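# Working through the structure, step by step
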Amino acid sequence: LIKLDNTFETPLFTDPSHNTHTEAYTNAGKFYFSILNSMNSSNFQKRKVYEIPILATSVNEENKEALLQGKSQSKEILEVSKIELPTPTGVLAAIQNWILNNAFIKQPEFALSAALSVYSTIAGRKFVFQNLCSNLYLLNIGESGCGKDAPQKLVRRIFKDIKHDYMIGAGDFSSDAAITDSLASQPSRLNICDEVSKLFKVANKEGASYQTGMADTLAELYTSSNDHYSGRELAGGVRMGECYRPNMNMLCSTTPTGFSESVSKKSLEKGLLGRFLFFREKEGAKASELNFGDDHWAPLPQDTLDKIKYWCEFKPGAGGQLGGITQEYHRMEATPEAQERLREIHKFFDDKRRKFSKKRAEILPLLVRSFQQMLKICMISAVSRANKEIPIVNKDDVEFSFKFIQYQFNTASELISNNVHS
């Protein structure tokens, strides 16, 4: 660009009346990256591959070849990318397999997220581990028609079959008041949101409208699962939505386009999206074999339904007090082997957090919560295994959760890199 520019009588890259600098290299670089960004924005909308910037004076030949061959990923992400989606045990596995057998298109990730949503909801106010409850925000991302619908419908069916469908909350929210005002009567709930991009757009919108408080409300509810949520105060000192230990769970879905249009790197750094676990469609997933003589879903085995219902109706003893009010929950324990492994994993995530702290700010909110999310999965795995006995976290629960969260971090990193603009 500089060589071409110098062939003109008045080179523009060195003309301060046309540019903010007199250095040709600076202005040519700005021009080059501006055009590159426009090209990549177009490629992004068309789901094409990004063009990789190459500056011969800034990148040596060895690194240039590595960039062109796609070898420039950090070592940490490459290590995580080798990990496959782990296989759960207990009732989690039974629910996942049942969904896969009934779904028209087999999506293991979506089936697992649906199974996790069932147990995060029924165990949320009954168990505490490391001062955490099991509530989860889950997000399935896939193209239209890829198989996002069946897991959501089958989760609703589970709660209907055990006659606890009152635990299913609203599928859409118009404001933060719509989220909080029913907490007193429905403190434990699973909100199944079929197309969540609209909610993200409203929640992440800047300003002071009645809708823009939703992101803060959802984020606060997530972290208040073992605490007191103060709700909102109306004129005259009337308080709405006040609740002790709210168990808010979300099973959401959207398309890659809906995700990219409703989420920005700024909204990721604000914190709400950092509380989500991300699940991505499996490309080329096979369709299930259909039995054309039966147009109904096969029922979940009765013994599995009985186990789910048992924990729905489980009555724990007094676990502690909040504001002078006795709270009923069971404080879960871990075996010595599980405790030792958790210490090692905590150090692993802390080291990774410090490495990433200045590299990718949009990934940091996910990374700093990785260990916390892992503890929640440990709880759910332990309860899923238990057969009417008090669940205890063992080393198998820890290893499953560790592999799951590493897989999750890789999935989230790729989704954000490919679908989120700055």
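One structure accompanies this document, and this report is about it. On a predicted model such as this, the values are computed, not experimentally measured, just so you know.

Okay, the overall build of the protein next. Per the secondary structure count, the protein includes 17 helices and 12 strands. Considering only contacts within the protein whose residues lie at least 6 apart along the sequence, 74% involve residues at least 24 apart. Summing over all exposed atoms, the protein offers an accessible surface of approximately 21,000 Å²; the carbon and sulfur share of this is 50%.

Turning our eyes to something else, we now look at the pattern of salt bridges. In total, this model carries 11 salt bridges according to the counting rule given. For the salt bridge of Asp350 with Arg353, the shortest nitrogen-to-oxygen distance reads 2.7 Å. Placement of both Asp350 and Arg353 in helix α14 (residues 336–356) is noted, with a separation of 3 residues, approximately one turn of the helix. Residue classification places Asp350 among the partly exposed residues on the basis of a relative accessible area of 26%.

So, about the packing of aromatic side chains. For the coordinates displayed, the defined rule picks out 15 aromatic pairs. Ring centres 5.9 Å apart and planes at 75° place the aromatic pair Phe259 and Phe278 in the edge-to-face group. One end of the pair, Phe259, is in helix α11 (residues 256–262); the other, Phe278, is in strand β9 (residues 276–280), and 19 residues separate them in sequence. Summarising the burial analysis for this pair, Phe259 and Phe278 share the class buried. The aromatic ring of Tyr222 is capped on one face by Lys376, whose charged end is 4.7 Å from the ring centroid.

Interaxial distance between helix α5 (residues 90–102) and helix α6 (residues 108–123) falls to 8 Å at its minimum, and their mutual angle equals 135°. One finds that α5 runs oblique with respect to α6. Of the two possible hands of crossing, α5 and α6 adopt the one that is right-handed. Residues Val91, Leu92, Ile95, Gln96, Ile99 and Leu100 of α5 touch α6, and the partners they reach there are Pro108, Ala111, Leu112, Ala114, Ala115, Leu116, Val118 and Tyr119. Per-class residue counts for the contact of α5 with α6 are 13 nonpolar, 1 polar and no charged.

What counts and what doesn't
- Residues numbered from 1 in each chain as written.
- Predicted model: local features only at pLDDT ≥ 70, side-chain atom pairs only at ≥ 80, totals over all residues.
- Heavy atoms only, no water.
- Helix = DSSP H or I, 4+ residues; strand = E, 2+ residues; numbered from the N terminus.
- Contact = heavy atoms within 4.5 Å.
- Areas by Shrake-Rupley, 256 points an atom, 1.4 Å probe, with all protein chains shown as cover.
- Salt bridge = Lys/Arg side-chain N within 4 Å of Asp/Glu carboxyl O.
- Buried < 20%, exposed > 50% of the residue type's maximum accessible area, 1.4 Å probe, protein only.
- Phe/Tyr/Trp six-rings, centres within 6.5 Å; stacked < 30°, edge-to-face > 60°.
- Lys NZ or Arg CZ within 6 Å of the ring centre and 35° of its normal.
- Axes fitted to C-alpha atoms, helices over the stretch in contact; angles between N-to-C directions.
- Parallel < 35°, antiparallel > 145°, perpendicular 65-115°, else oblique.
- Left-handed = near helix turned anticlockwise from the far one by under 90°.
- Nonpolar A, V, L, I, M, F, W, Y, C, P; charged D, E, K, R; others polar.

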